Amino acid sequence: MIRVLVVDDDFMVARIHRGYVDRVPGYTTVGTVHTGTDALDQVATLRPDLVLLDIYLPDLSGLEVLKRLRAGGDGPDVLAVTAARDVQTVRTALHGGVVHYLLKPFTFDVLRDRLERYAAAYGRLASSADVDQADVDDLFVALRTTAAPLPKGLTADTSGLIADAMRASDGDLSAAECAERIGLSRVSTRRYLEHFVAAGKAEVRLRYGSAGRPQRRYRWVG
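- If you look the protein chain up in an unreviewed UniProt entry, it shows as Transcriptional regulatory protein from Paractinoplanes lichenicola.

So this is what it looks like as structure tokens:
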């Protein structure tokens, strides 16, 4: 599990973001704090893997918290979640090494996308002692690239339904199996599945039977 500390001065927003994090498979929230001082204290105590850090805090700014975390050496990764839109703040956060910068307000799907990308990168680093240039390129693409736009004729609502069905599956699914779960035609479902493959969200493999064309099987990879 990737352990997350949520830092936000607004109690209600912090609770919402905590709920978002805990809905993403592979993540758990280990704490919620509302000041910069408490954030630094809880990082030292809880040792989270990732901090969702607001910039506007009542005592220390989120940028100062980020600076102190980096000065401490082997600290957690930081994902900025803030209403701060000025260029200087964004530049400072990027220079401080945030893995992403999300502007409030955002939906659960937006945060889930960033967390899934972070988890993919985190897993690759955790499983490798050394990397080559191709590995490094893949990591930066996974962290920085936003979701691919939907092709003409596909909708965000249906895309979300199919993605949820794939996430809930223990293994891979054919287009027909996925279509049956969500009540959509096989042809339409396959268009979404192929889009997920092209966007790097799913992978496809061929299952060969005794006769006829091989069946395309899809698995969600996030």
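## Brief notes about the overall build of the protein chain
In step 1: Looking only at helices and strands, the protein chain features nine helices and eight strands.
In step 2: Within the span of the protein chain, comprising 222 residues, buried residues form 40% of the whole.
In step 3: A fraction of 60% describes how many contacts in the protein chain between residues 6 or more apart in sequence connect residues 24 or more apart.

## Regarding the packing of helix H7 (residues 156–168) against helix H8 (residues 175–182)
In step 1: One way to put it is that H7 packs onto H8 with a least axis distance of 10 Å and a crossing angle of 110 degrees. In this view, H7 runs roughly perpendicular relative to H8, as classed from their interaxial angle. Along this stretch, H7 crosses H8, giving a crossing that reads as right-handed. From H7, Leu 161, Ile 162, Ala 165 and Met 166 reach across to H8, where they touch Cys 178, Arg 181 and Ile 182.
In step 2: Residue composition of the contact of H7 with H8, by class: six nonpolar, no polar and one charged.

## With respect to the sheet that holds strand E4 (residues 77–82)
In step 1: Strand order in the open sheet made by the five strands is E2-E1-E3-E4-E5, with parallel pairing throughout. Each edge of the sheet is formed by a strand with only one pairing partner; in this case those strands are strand E2 (27–33) and strand E5 (100–103). Shown here is a sheet whose adjacent strand axes are inclined to one another by a mean of 20 degrees, direction ignored.
In step 2: As judged from the six bridges shared by strand E1 (residues 2–7) and E2, these two strands associate in the parallel manner. Across the sheet, the residue bridging to Ile 2 is Tyr 27, located in E2.
In step 3: Docked against the sheet, helix H2 (residues 36–46) engages E1, E2 and strand E3 (50–53), running at close to 165 degrees with respect to E1.
In step 4: Strands E3 and E4 of the sheet are contacted by helix H3 (residues 62–71), whose axis makes an angle of about 180 degrees with E4.

## Things to note about the side chain of His 100
In step 1: Take His 100: it is sitting in strand E5.
In step 2: There is a polar contact of 3.3 Å between the side chain of His 100 and the side chain of Arg 114.

## Here's the deal with the nonpolar core
In step 1: Of all hydrophobic cores here, the largest spans 20 residues; its most connected members are Val 7, Val 51, Leu 53, Val 65 and Val 78.
In step 2: Those elements giving two or more residues to this core turn out to be E1, H2, E3, H3 and E4.
In step 3: Filtering out sequence-adjacent residues up to four positions away, Val 65 remains in contact with Gly 36, Ala 39, Leu 40, Leu 53, Leu 57 and Leu 60.

## Here's the deal with the UniProt feature "modified residue: 4-aspartylphosphate" (unreviewed entry) in the protein chain
In step 1: Residues annotated in UniProt with the feature "modified residue: 4-aspartylphosphate" (unreviewed entry) correspond here to Asp 54.
In step 2: Tracing the chain through its elements places Asp 54 in the loop between E3 and H3.
In step 3: Beyond its immediate chain neighbours, meaning those up to four positions away, Asp 54 contacts Val 7, Asp 8, Asp 9, Gly 62, Val 81, Thr 82 and Lys 104.

## Regarding the packing of aromatic side chains
In step 1: Scanning the entire structure with this criterion turns up two aromatic pairs.
In step 2: For the pair Tyr 20 and Phe 108, a centre-to-centre distance of 5.6 Å together with 55 degrees between the ring planes defines the contact as tilted. Of the two residues, Tyr 20 is situated in helix H1 (residues 11–23) and Phe 108 in helix H5 (residues 108–126); the sequence distance between them amounts to 88 residues.
In step 3: Plain terms: the ring middles of Phe 196 and Trp 220 are 5.2 Å apart, the flat faces sit at 85 degrees to each other, and that makes the pair edge-to-face. Here Phe 196 is found in helix H9 (residues 186–198), whereas its partner Trp 220 is found in strand E8 (residues 215–220), with 24 residues between them in sequence. Each member of the pair, Phe 196 as well as Trp 220, carries the same accessibility label: buried.

## Details of the sheet that holds strand E6 (residues 173–174)
In step 1: Across the sheet, three strands lie side by side as E6-E8-E7; this open sheet has antiparallel pairing. Lying at the two open borders of the sheet, with one neighbouring strand each, are E6 and strand E7 (202–207).
In step 2: The pairing of E7 with E8 spans six bridges and is antiparallel. Along E8, the bridge assignment pairs Ala 202 with Trp 220.

Reading guide: rules and limits
Residues numbered from 1 in each chain as written. Predicted model: local features only at pLDDT ≥ 70, side-chain atom pairs only at ≥ 80, totals over all residues. Heavy atoms only, no water. Helix = DSSP H or I, 4+ residues; strand = E, 2+ residues; numbered from the N terminus. Buried < 20%, exposed > 50% of the residue type's maximum accessible area, 1.4 Å probe, protein only. Contact = heavy atoms within 4.5 Å. Axes fitted to C-alpha atoms, helices over the stretch in contact; angles between N-to-C directions. Parallel < 35°, antiparallel > 145°, perpendicular 65-115°, else oblique. Left-handed = near helix turned anticlockwise from the far one by under 90°. Nonpolar A, V, L, I, M, F, W, Y, C, P; charged D, E, K, R; others polar. Pairing = 2+ DSSP bridges. Polar contact = N/O pair within 3.5 Å; in protein donor to acceptor, adjacent residues only side chain to side chain. Core = buried A, V, L, I, M, F, W, Y, C linked by side-chain atoms within 4.5 Å. UniProt positions renumbered as here; feature names shortened; annotations may be inferred. Phe/Tyr/Trp six-rings, centres within 6.5 Å; stacked < 30°, edge-to-face > 60°.

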